[in-house]
Structures are given as C-alpha cells and as structure tokens.
Amino acid sequence: MQPFLRELADLLGREHVLTGDRAEPYLTDWRRRRTGRALAVARPGDREQVAAVVRLCAAHGVPIVPQGGNTGQVAAATPDDSGRALVLSLARLNRIRAIDPEGDTMTVEAGCILETVQQAAHAAGRLFPLSLGAQGSCTVGGNLATNAGGTQVLRYGNARELTLGLEVITAEGEIWDGLRALRKDNAGYDLRDLYIGSEGTLGIITAATLRLHPLPRARHTALLALESLAQAVRLLAHARAELDATLTAFEVMGRECLEMVVQAFAQQRLPFAAADPATRWYVLLECSDPRGGPGSAADFEATLARAWEGGLAHDAAIAASAAQQADFWRLREHITLALAEQPYCIKHDISLPIAAIPDFVQATDALLQRHHPGTRMRVFGHLGDGNLHYNLLGPAGSTRQDWMAAEPQVQALVHDQVAALGGSISAEQGIGSLRVADLRRYKPPLEVALMRRIKQALDPQGLLNPGKVLD
Ligand code: FAD
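In what follows, the accompanying structure is described. Small disclaimer: the values here were computed from a predicted structure and weren't measured. (Residues numbered from 1 in each chain as written. Predicted model: local features only at pLDDT ≥ 70, side-chain atom pairs only at ≥ 80, totals over all residues. Heavy atoms only, no water.)

### Here's the deal with the overall build of the protein
- From N to C terminus, the protein includes 14 helices and 19 strands.
- Relative to the compact-globule value of 23 Å for 471 residues, the protein shows a C-alpha radius of gyration of 23 Å, a close match.
- For the protein, the spread of C-alpha atoms along the three principal axes comes to 70 × 55 × 45 Å.
- Within the protein, buried positions represent 54% of all 471 residues. (Helix = DSSP H or I, 4+ residues; strand = E, 2+ residues; numbered from the N terminus. Rg over C-alpha atoms; globule rule 2.2 N^0.38 Å. Buried < 20%, exposed > 50% of the residue type's maximum accessible area, 1.4 Å probe, protein only.)

Next comes the structure, spelled out in structure tokens:
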C-alpha cells in the first residue's frame, strides 16, 4: 500500500477508505457521461477528519474530488481518468446540528440528504423550500456547491438565497467557521457567496446554516393544457398578477415529455380524459397560501377560471387532494428519469429573459430541423425562472453513438442562439466537466480571468476538483 493510503487509513480507519470494487459506485456520474479512476474514496465522519484529509492531500499533492449524492448533471463529482485523485465523500457528515424555529434557521452538515432536511424542518413546524427531483438522494453540500435551483425558486429563491452561513474547509485544510445566522452582514467580502456555486473548486463545505420559512396553511396545484409557449408566458404574467407572492411554482412541459413519462412508467397517468390534439404544452402551477381556509381555494379557482375565459388555457385539472398534488408533481419529476431510459439525450440547461423564450424555442427548433433533421424535442423547465431544460433526442432509430457524435455541433447551435439573446448556458446545474469549453467560449474573457484569479488565490496548488468549471 502506498504511504498516502496508509496515512489515510490511519486517519479514518480502513473501513472508510474504499478501493477496488467498493470504490466503483463513486466513479461514474449520474448521466453515465464520465467514468474516472481514483486512488481511493475517503469517507470522513466529521469536519476535523475532512480537514485532516485535505491537509494530507496538500502534503502529498493529491487532487480532491468532493462528492455528495452524485446526482449532478454535468459530471462535476467524477474524477478524471488519471487515477491520481481522491474522491472525498461527505455522506457521513449527516447530522442536523440545530433547529431554531423562532429564528427560522437550521444548521445541518453537508452530507444530509435534502429530503431529510425538509422533513426535519417540517417536524419543527417550518418549511425548508428547496425542492428538486433528486431530493431523496442529493445532499445539502451538493445543493450549495451547485447553487441548486429546483421548483420553488420563483417564490423562495435558489440555494444561495436559502443560506445564511457556511462552514468550509480551505484548500490548506483550515476550518472556516462562518455559520452565522445573520440576515445582515456587510463586514467585508462575502465569502459565503463565493463558495456557494463553486462546485467544490474553492473549498469543501462541511455544514450550513439554512433559512427556514413558515409552513403555508394551504397549497393548491393545477395542471393546465395550452396550445403554445407564448400562451404560457401570458399565463405566467396573469398568475403573478393575481396570486402575487403566493405563486410558488410555474413549470412548463412539452406535450412529448409527458407522453414519454406515461409510456415509460405504467403507473403514471395524465389527469385529462383524452389528450386534446390542440395541446402542445402543459403547465404545472402551484400556489402556497399562508391564509388557508375555503377562501384561499376559491381565489385559486377564480384565477384559473379567468385564465380560461381569457383564452390562456383550454383545459385544466385542479388537484383535489394531497395525493393528487403528489401525482401531478410525479409526472413532472419523472421526465428526467424517462429521459435517462433513452439511448442518449443532448441536454441544455439554459436561462433567458422570459419574454424571449417562445421565439427562442421556435427559431432553435427550426434551425435544428434544418441542420439535424428528425431531432426530437423534449423541452421542459422552470418557466417562472426563465429556465428551460432544452433537451434533444436523436432522430428515431439513431444510436447513442450517432447522437453523441452530433453533440458538439448541436450544442454549439443551441448555445449560440442562447448567447445571442443574452441568456446563460447554465441556469442551475453548473459547469462541471461537461461545460468547461462553453464557459470559456460564452463568458466575457475578463470574467473568466477574474474567476481564475480567485481560484489561484484560494487553491494555489490547484488540488480542489481540478478540471471542473475552469480548465
Ligand atoms: P454531487 O453530484 O455529488 O456534486 C455536485 C457538485 O458539488 C460537484 O462539483 C461536487 O464536487 C460538489 N460538491 C458536492 N458536495 C460538496 C461539498 N460538501 N463541498 C464542496 N463541494 C461539493 N438541479 C437543480 O438545480 N434543479 C433541479 O430541478 C434538479 N433536478 C434534478 C432532477 C433529477 C432527477 C436529478 C438526477 C438531478 C437534478 N438536479 C437538479 C441536479 C442535482 O440534483 C443537483 O445539482 C444537486 O444539487 C447535486 O447534489 P449532490 O449532493 O448530488 O452533489
């Protein structure tokens, strides 16, 4: 055994240093885009052990790849194939350290599963609103390192806005205790905001103080059928005007997305008697009302009725129970799972000014059909945040290899369109290893240069998640 691995085993105990078959599950990303090699997988149990592992890596010049639930979509938690890196799993740091319902905060360790955090907040009579399809397996550390978005951003903001303080291990292995529960703190540069969204390239997050919200008294959910995306944009403006801050989610899904879900998963069903041929898009709309009571449901229904009368939707189903609300959300959440069953999907996670989205989709679909005939669109997303998952399947009958070979041209075509409209090529999933070249191509050179200077200052040896975000 190498001296490095021996010292690591002395620090953590042999059972928490995985090699060979036991390391395998940590070496391939969720989308199976990258499989790397690693010296080992280390599973420290507390922040002191994380700090000691980082110091050991710094002394031996060993790169570190932090990993939470490994649900990321851009291969950011996967080592390269050099076999030189250590995968650092935060999964054992899974304690909820404190909940303060009156101060509306909770402090949790980085390896806590998001759903566990939501449940703990709920048990204390509070809401931790970050919600995403992977919440049963992604971790708070991963959520913060990617500044995750999800389905409630419209009302509560993304992970950054839900975080008050952080505890971080620096590249030198120091422990920075920034677990402050302050709403206001302008004492110097905001280090917390620097680490959030840095994808493990600037420091290792070991704990966070999160912002909680009151539990809404009532939740109303509806699925609406629409003819066009332009209608969806108008419906969003209508819902915002009428529901104001109670509007918590506004998700758009192409008709083909839900057809794919229903085909792939026998237990999933659309709530409409028969799919209307006029339907091209569905909207999943949710409102969380602090008031509750019968008036709240009546207001929601009246808002939908006015949308229908105004020609903003031609069919609507309102969930009649919590079980039906969960059914509607499962349809939405199964889209990513259904796409994973396809031979290969070229994914784009883009954001645009909301008003530009219908024209973007129309123009980009047309360009793709011209240059890559037969491309099948599977577009959905968080329309309320201007964020689309513009996903593309290859022509019917094409293989994984065919469509992977087309990816660079397809992606450049889509991202050029996004850039021309002033959008972003990564709305919520980050850059990871898959979008590094795109970052260089589409970010202004000065922004990339400033990012490099920050990286050099905080990680001068370049050992934290090398090759991710910046090359
Ligand atoms: P990982 O995948 O393990 O890691 C992600 C990145 O964070 C890597 O760069 C890793 O090095 C770094 N990292 C992990 N833990 C730490 C730590 N403690 N300290 C420093 N760096 C760390 N994302 C969204 O934003 N919105 C969505 O709606 C959404 N829906 C999804 C639906 C499905 C079905 C799936 C599979 C994924 C979805 N994702 C979504 C992507 C993914 O779930 C998020 O990016 C999530 O935040 C990643 O958390 P994780 O614990 O799995 O992180």
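### Side note on the sheet that holds strand β10 (residues 204-211)
- Reading across from one edge, β5-β6-β10-β8-β9 is the order of the five strands in this open sheet, with antiparallel pairing throughout. A single partner strand is all that each edge strand has here, and the edge strands are β5 (96-100) and β9 (175-178). Neighbour to neighbour, the strand axes of the sheet diverge by 10° on average, direction disregarded.
- Pairing of β5 with strand β6 (residues 105-109) involves four bridges; the strand directions are antiparallel. The partner of A98 across the bridge, within β6, is T107.
- Relative to strand β8 (residues 163-169), helix α2 (residues 47-60) is tilted by about 50°, and along the sheet it contacts β5, β8, β9 and β10. (Pairing = 2+ DSSP bridges. Axes fitted to C-alpha atoms, helices over the stretch in contact; angles between N-to-C directions. Contact = heavy atoms within 4.5 Å.)

### Quick notes on the side chain of K347
- If you trace the backbone, K347 turns up in the loop between β16 (345-346) and β17 (349-351).
- Here K347 is buried and forms no salt bridge, its nearest opposite-charge partner D29 lying at an N-O distance of 9.1 Å.
- Once residues within four sequence positions are removed from consideration, K347 is found in contact with R31, Q73, T336, Y390, N391, Q411 and R435. (Lys, Arg positive; Asp, Glu negative; His and termini not counted. Salt bridge = Lys/Arg side-chain N within 4 Å of Asp/Glu carboxyl O.)

### Re the site of the ligand
- Among the 35 residues in the neighbourhood of the ligand, the closest are listed as P66, G68, G69, T71 and T139.
- Between an oxygen atom of the ligand and a main-chain N or O atom of G68, the distance comes to 2.8 Å.
- For the shell around the ligand, the secondary-structure elements that each account for two or more residues are β3 (64-67), α4 (140-145) and β10.
- Here the shell around the ligand takes four residues from α4, the largest share from any one element.
- A class-by-class count of the residues in the shell around the ligand yields 13 nonpolar, 20 polar and two charged. (Near = heavy atom within 4 Å. Polar contact = N/O pair within 3.5 Å; in protein donor to acceptor, adjacent residues only side chain to side chain. Nonpolar A, V, L, I, M, F, W, Y, C, P; charged D, E, K, R; others polar.)

### Considerations on the nonpolar core
- Counting residues in each nonpolar core, the largest one holds 43 residues, and the members touching the most others are L224, V283, L285, Y390 and L392.
- For this core, the element with the highest residue contribution is helix α7 (residues 229-243), accounting for seven residues.
- In this structure L392 touches Y344, C345, I346, H348, L368, T375, R376, M377, W403, V410 and V414, once residues within four positions along its chain are discounted.
- Counting residues in each nonpolar core, the second largest holds 30 residues, with C112, V168, I196 and I205 among its members. (Core = buried A, V, L, I, M, F, W, Y, C linked by side-chain atoms within 4.5 Å.)

### Observations regarding the pattern of salt bridges
- Taken as a whole and judged by the stated rule, the model has 24 salt bridges.
- In this structure, R47 engages E48 in a salt bridge whose closest nitrogen and oxygen atoms are separated by 3.0 Å.
- Exposure remark for R47: the relative accessible area of 24% places this residue in the partly exposed category.
- The closest approach of N and O atoms between E109 and R95, which form a salt bridge, is 3.2 Å. In this pair, E109 is assigned in strand β6 and R95 in the loop between β4 (86-89) and β5, connecting sequence segments 14 residues apart.
- Assessed through its relative accessible area of 4%, E109 is described here as buried.
- Shared partners join several salt bridges into a network, and the residues in it are R47, E48, R95, R97, E109 and E167.

### Notes on the sheet that holds β4
- Pairing within the open sheet is mixed, and its four strands lie in the order β1-β2-β4-β3. Since the sheet does not close on itself, it has two edges, and those belong to β1 (17-18) and β3, each with one partner.
- Where β1 meets strand β2 (residues 40-42), two bridges bridge the pair, whose relative direction is antiparallel. Each bridged residue has a counterpart across the sheet, and for L18 the counterpart in β2 is V41.
- Of the strands in this sheet, β3 and β4 are in contact with α2, which crosses β4 at around 170°.

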